[in-house]
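# Topology and contacts: notes
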Amino acid sequence: MILGICCYVLPSKGQYNPDSVWEARQAKLEQLGKDPTSPLTAEDIPHIHYYDPDSTFRVEAHVERLFNESSFRMPTSDGTSKEYIRYARARFHLQGEARELVLYRSFDLFANPIYRDHLFLPFTDSTNGNETYGGGRYLDLSLADIKNGRLVIDFNNAYNPYCAYSSGYRCPVPPAENNLAAAVRAGEKKYTGQIKERPKPTAPPQPLNDKERGLIRSGDTTQLLRVIQDTVADEARILKTLSQDIDPKEETLPLLAKRMYLAVTDSLHPGVGIAAPQVGINRNVIWVQRFDKKGEPLELYLNPKITWRSKLLRKGLEGCLSIPDTMGQVLRNYTIHLTYQDIKGHDHEEMVEGFTAVIFQHETDHLLGILFTDRLAEQEANTYHRINEELEVYLAEPLRKQ
């Protein structure tokens, strides 16, 4: 699912008609207010605002196709990331200056025939955090919009991601290469309503399928589940797949938990944590060693979610049971806020910091299809600022003098 895709497209051809722009916006707002999957209700709609339509923000760009690009992880608002590939570079003039933006394609959406031709254009500009949403805005385009190497980009179509209205969503953060050194006073402005909290699903998780239960029951409580490896193509696909929540009442859960425990405590390949995808089950179950508790116990967590991450980062050496003979210095948030369920289905939340927080981040990344090697690649594309010469602690942004 892409967050905030609209079914209404503003005019991009022919004479620019401000009235039709407003009509399309109104149709979109009506849809948002009625859509049960939207974070907004009809009462929230008056808090959505737009700049007046302005034809000067409708530009024609020259499109340069990018070839032999490797996929990368685009960071998201919740501190995780999603897999994208750079598709093309769009060059145009805006406010009398030459500009350029990169168009991306989502690996998640590419598998869906409806979005096979979708192009994603996230961007930031100098209005962010003041007149517009601080996390940047999005444009949705299509391969069919590219004609003879030219593409119309209409910034009057720019919209906010769901994260502008509510917590609990994974909204891609526009890469630094898509920051426009200009004030794009077009499209959607900053939301002025109260920021909501995304409600928890009321329906129980989908039950395990026969294949999952068969794997779990392939051994008893004395036999560990084999840890799959990223060097095997079919197993790598499992490691890259988004996992689903699990029902605490699932009948095979105790056996799954026990066999996962035996895998992470195996004397030949011991670890400090393990996630269900690492044993071939794409469900949100992890074991984590709690170095912040007396006795440093291994504990089981169901459906864990990191709901907040500190801006302070720590760097530390990581490896993975599923990635043999590979280590790396990974930057992780020093402190996190965690929600989860226990084996009885009771809800919990807590703040975790230090090395234990690192383990939680490593294991919950597995549930999102993210490996620590993805994090290393992500770090290479960003700049971090060390704030202490004695400790490996960093900030993504430099400290500002008051």
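Residues numbered from 1 in each chain as written. Predicted model: local features only at pLDDT ≥ 70, side-chain atom pairs only at ≥ 80, totals over all residues. Heavy atoms only, no water.

In this section: helix α7 (residues 372–380). Those residues of α7 that sit buried are Phe372, Asp374, Arg375, Leu376, Glu378 and Gln379. Along its buried surface, α7 packs onto β2 (72–75), β3 (81–94), β13 (312–320), β14 (323–333) and α6 (354–367). (Buried < 20%, exposed > 50% of the residue type's maximum accessible area, 1.4 Å probe, protein only. Helix = DSSP H or I, 4+ residues; strand = E, 2+ residues; numbered from the N terminus. Contact = heavy atoms within 4.5 Å.)

The first and last C-alpha atoms of helix α5 (residues 253–264) sit 16 Å apart over twelve residues, in line with the 16 Å expected at 1.5 Å per residue. In terms of burial, α5 is largely enclosed, as nine of its twelve residues are buried. If you check which residues of α5 are buried, you get Leu253, Leu255, Leu256, Ala257, Arg259, Met260, Leu262, Ala263 and Val264. Next to the buried residues of α5 lie α3 (210–216), β10 (273–275), β11 (285–289) and β12 (298–309). (Expected span 1.5 Å × (residues − 1).)

In this section: the environment of valine 272. Here valine 272 lies in the loop between α5 and β10. Take valine 272: its relative accessible area is 32%, and that puts it in the partly exposed class. Considering only alpha carbons, one finds valine 272 and phenylalanine 291, 19 residues apart in sequence, at a separation of 9.2 Å. What valine 272 contacts, discounting residues up to four positions off in sequence, is Val264, Trp287, Val288, Gln289, Phe291, Leu298 and Ile359.

Time to look at the nonpolar core. By size, the foremost hydrophobic cluster in this structure holds 23 residues, and its most contacted members are Phe92, Phe123, Ile153, Phe155 and Val184. Put simply, the parts of the chain that give this core at least two residues each are β1 (58–65), β3, β4 (97–106), β5 (118–123), β6 (137–142) and β7 (150–154). Discounting residues that sit within four places of it in the chain, phenylalanine 92 has contacts with Val59, Glu60, Ala61, Glu97, Ala98, Arg99, Glu100, Leu101, Ile153, Phe155 and Leu180. In this structure, Ile216, Val227, Met260 and Val264 belong to the second largest nonpolar core, which totals 21 residues. (Core = buried A, V, L, I, M, F, W, Y, C linked by side-chain atoms within 4.5 Å.)

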